[in-house]
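# What the coordinates show
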Amino acid sequence: MGTTPIGGGCRKEEIDFDISLSMRIAHIINHLGVSGVNQVVADLVSVFSAHGHECVIYYLKACDSPASYPCPVVPLGGSASLPEHFDVIHAHGVGPMLYVMRHRRALAKRNGSQGRPLFVTTLHCYCFQDLPSLYGWAKGGLMAMAYLASTLWQDRVVCLSQDMMRYYSRWISRRKLRYVYNTRLLPSKQNEVFNPDDATLVDQLKSWHAQGHTVIGMNGVLIYRKGVDLMLRALRLLNLEGRRFRLVLVGDGQDRGDFEKLCQSLGLNDEVLFAGHRKDAYRFLPYYDILALPSHSEGFPLSLLEAAVYQKKVVVSELPIVKECFGYRTPWTSTGKEDVAAFKIDPNQDATVLRLAEAIRNAMADDAISARLRQRFDEDYSPEVFYQRYERVYGG
């Protein structure tokens, strides 16, 4: 058993528990709805439960369509109402981090003689880039500042990549910072049963294939940050060359209306399908030839990991996380070829569209790229590797 000195936002204390023993871990989230953050939490709970640890999820707000989780879920309300003892209290998002900031003293006292819990948070975005793009510069900027301020009351701050850790090291003590790459835990791909609406979508994708089209899919929120407009323009360019591509957009978002108007102005109504929000969008991956991720910014794109599990070709913008995790590999660990078809986003939109179209052509010409991506997932981003990295965060 070892002790780790902890500071930041309070007096220096010591945390004393043995990571080799079963831990009680509380995860605090904003709501139980479907989101990338909550999917990471569900995967964390699954891998730690599989290793004999006890997990509970607490949530701050009710929602109309809660997702399912592999552990008990408990409404939190406004008070410090956690049970007597947790070894780790792990907050995800601005609201949960502010909750810990307000109630940290009470939460620490609840453990009594068992020693105070370890307070951990995972940062799921680049706050000054991503929050303003979602909420506007005024509200998003204030949220970003609250995001940073609330890390003062955390013992360990987990980032999704080394690049993100460097980004936050400008404001957060390096002593607190860690990084852990995400994983994805997906159910068996066999015997998938679709509801009538989803079955209709699958039939459409199958029909496109039967007609000789190449199907590109995008799974996620329909906002400009995700590069949907770039994908629409690249699709038009490719099809003007006589190629036979079709695009399905699985998701919804505040900018969908703009993209539908752009689609109409580009003459793509017969070549693009807006499928709307669908539960567990990864279930449609078997019917894609390529997954497209032309984003301007990403923390760690879960849909890329999902494509790796399904061994699909991926076209993705050359973001820092992509360079770090899915670019060229060292000669002694791989063939030296890329695991994804990446392209660089240029300030000039036309240049970016040309590069995106070229990346799609490259992906179609590389029959082994999807197998390399799956190999990379198995080696570096599997659920077991994810567990081992978080175990080190919790334990030392």
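To be clear, the structure that these remarks concern was listed above.
This write-up is about the structure you can find in this document.

Moving on: the packing of aromatic side chains. Here the structure, examined in full by the defined rule, presents 20 aromatic pairs. A network of ring pairs unites the aromatic residues Tyr126, Phe128, Tyr147, Tyr167, Tyr168 and Trp171 as a single cluster. The ring of phenylalanine 86 has arginine 24 lying over it, and the distance from NZ or CZ to the ring centre is 4.5 Å.

Moving on: the sheet that holds strand β13 (residues 290-293). Pairing is parallel across the open sheet formed by six strands, whose spatial order is β12-β11-β10-β13-β14-β15. A strand with exactly one partner marks an edge of an open sheet, and here the two such strands are β12 (272-276) and β15 (341-343). Across the sheet, the mean angle from the axis of one strand to that of its neighbour is 20°, orientation sign disregarded. Sheet analysis places β13 next to strand β14 (residues 313-317), joined by four bridges and oriented parallel. Bridged to leucine 291 within β14 is valine 314. Sheet strands touched by helix α6 (residues 196-210): β10 (214-219), β11 (245-250) and β12. Its angle to β11, the strand with the most contacts, is close to 165°. This element, helix α9 (residues 302-309), spans β10, β13 and β14 of the sheet and lies at about 165° to β13.

Looking now at the pairing of strand β4 (residues 54-59). Regular strands place their side chains on alternate faces of the sheet. For β4, a buried count of five out of six residues is recorded, marking the element as mostly surrounded by other parts of the structure. Alignment of strand β3 (residues 24-29) against β4, held across six bridges, turns out to be parallel. Considered in β4, the bridge of arginine 24 is made with glutamate 54. For the crossover from β3 across helix α1 (residues 36-50) to β4, the handedness is right-handed. Examined bridge by bridge, β4 and strand β5 (residues 73-75) share three bridges and lie parallel to one another. Looking at the pairing, isoleucine 57 lines up with valine 73 of β5.

A few words on a nonpolar patch on the surface. A surface patch of nonpolar side chains, amounting to about 410 Å² of accessible area, comprises Phe128, Leu142, Met145 and Trp171. Residue classification places leucine 142 among the exposed residues on the basis of a relative accessible area of 57%.

Even without being a glycine, aspartate 280 presents a positive backbone phi close to 50°. Along the chain, aspartate 280 falls in the loop between β12 and β13. Even without a glycine there, the phi angle at glutamine 311 is positive, about 55°. Take glutamine 311: it is sitting in the loop between α9 and β14.

To continue, consider the packing of helix α7 (residues 228-240) against helix α8 (residues 256-265). Viewed as axis vectors pointing N to C, α7 and α8 meet at an angle of 15°, and their least axial separation amounts to 10 Å. Put simply, α7 runs roughly parallel to α8. In the crossing of α7 with α8, the sense of the turn from one axis to the other is right-handed. Residues Val228, Asp229, Leu232 and Arg233 of α7 pack against Phe259, Leu262 and Cys263 of α8. Here the residues of the contact of α7 with α8 sort into five nonpolar, no polar and two charged.

Here we come to helix α3 (residues 127-135). Taken together, the buried positions of α3 are occupied by Cys127, Asp130, Leu131 and Pro132. Of the surrounding elements, those touching the buried residues of α3 are α4 (137-150) and α5 (162-168).

This next bit is on the side chain of aspartate 87. Looking at the element boundaries, aspartate 87 is found in the loop between β5 and β6 (88-92). Despite its burial, aspartate 87 pairs with no opposite charge; the closest candidate is arginine 24, at 6.6 Å N-O. Only 3.0 Å separates the side chain of aspartate 87 from the side chain of histidine 85, close enough to count as a polar contact.

It is worth spelling out α1 at this point. Its 15 residues give α1 an end-to-end C-alpha distance of 21 Å, which sits within 8% of 21 Å, the value for a rise of 1.5 Å per residue. Looking only at α1, the buried set comprises Asn38, Val40, Val41, Ala42, Asp43, Leu44, Val45, Val47 and Phe48. Each element contacted by the buried residues of α1 is listed here: β3, β4, β6, α9 and α13 (383-395). Glycine 52 occupies a position one or two residues after α1 and carries a positive phi of about 90°.

Rules of the game
- Residues numbered from 1 in each chain as written.
- Predicted model: local features only at pLDDT ≥ 70, side-chain atom pairs only at ≥ 80, totals over all residues.
- Heavy atoms only, no water.
- Phe/Tyr/Trp six-rings, centres within 6.5 Å; stacked < 30°, edge-to-face > 60°.
- Lys NZ or Arg CZ within 6 Å of the ring centre and 35° of its normal.
- Pairing = 2+ DSSP bridges.
- Helix = DSSP H or I, 4+ residues; strand = E, 2+ residues; numbered from the N terminus.
- Axes fitted to C-alpha atoms, helices over the stretch in contact; angles between N-to-C directions.
- Contact = heavy atoms within 4.5 Å.
- Buried < 20%, exposed > 50% of the residue type's maximum accessible area, 1.4 Å probe, protein only.
- Right-handed = clockwise from strand over helix to strand, strands pointing away.
- Patch = residues over 30% accessible without salt bridge, like charges linked within 9 Å, V, L, I, M, F, W, Y side chains within 5 Å.
- Areas by Shrake-Rupley, 256 points an atom, 1.4 Å probe, with all protein chains shown as cover.
- Salt bridge = Lys/Arg side-chain N within 4 Å of Asp/Glu carboxyl O.
- Parallel < 35°, antiparallel > 145°, perpendicular 65-115°, else oblique.
- Left-handed = near helix turned anticlockwise from the far one by under 90°.
- Nonpolar A, V, L, I, M, F, W, Y, C, P; charged D, E, K, R; others polar.
- Lys, Arg positive; Asp, Glu negative; His and termini not counted.
- Polar contact = N/O pair within 3.5 Å; in protein donor to acceptor, adjacent residues only side chain to side chain.
- Expected span 1.5 Å × (residues − 1).

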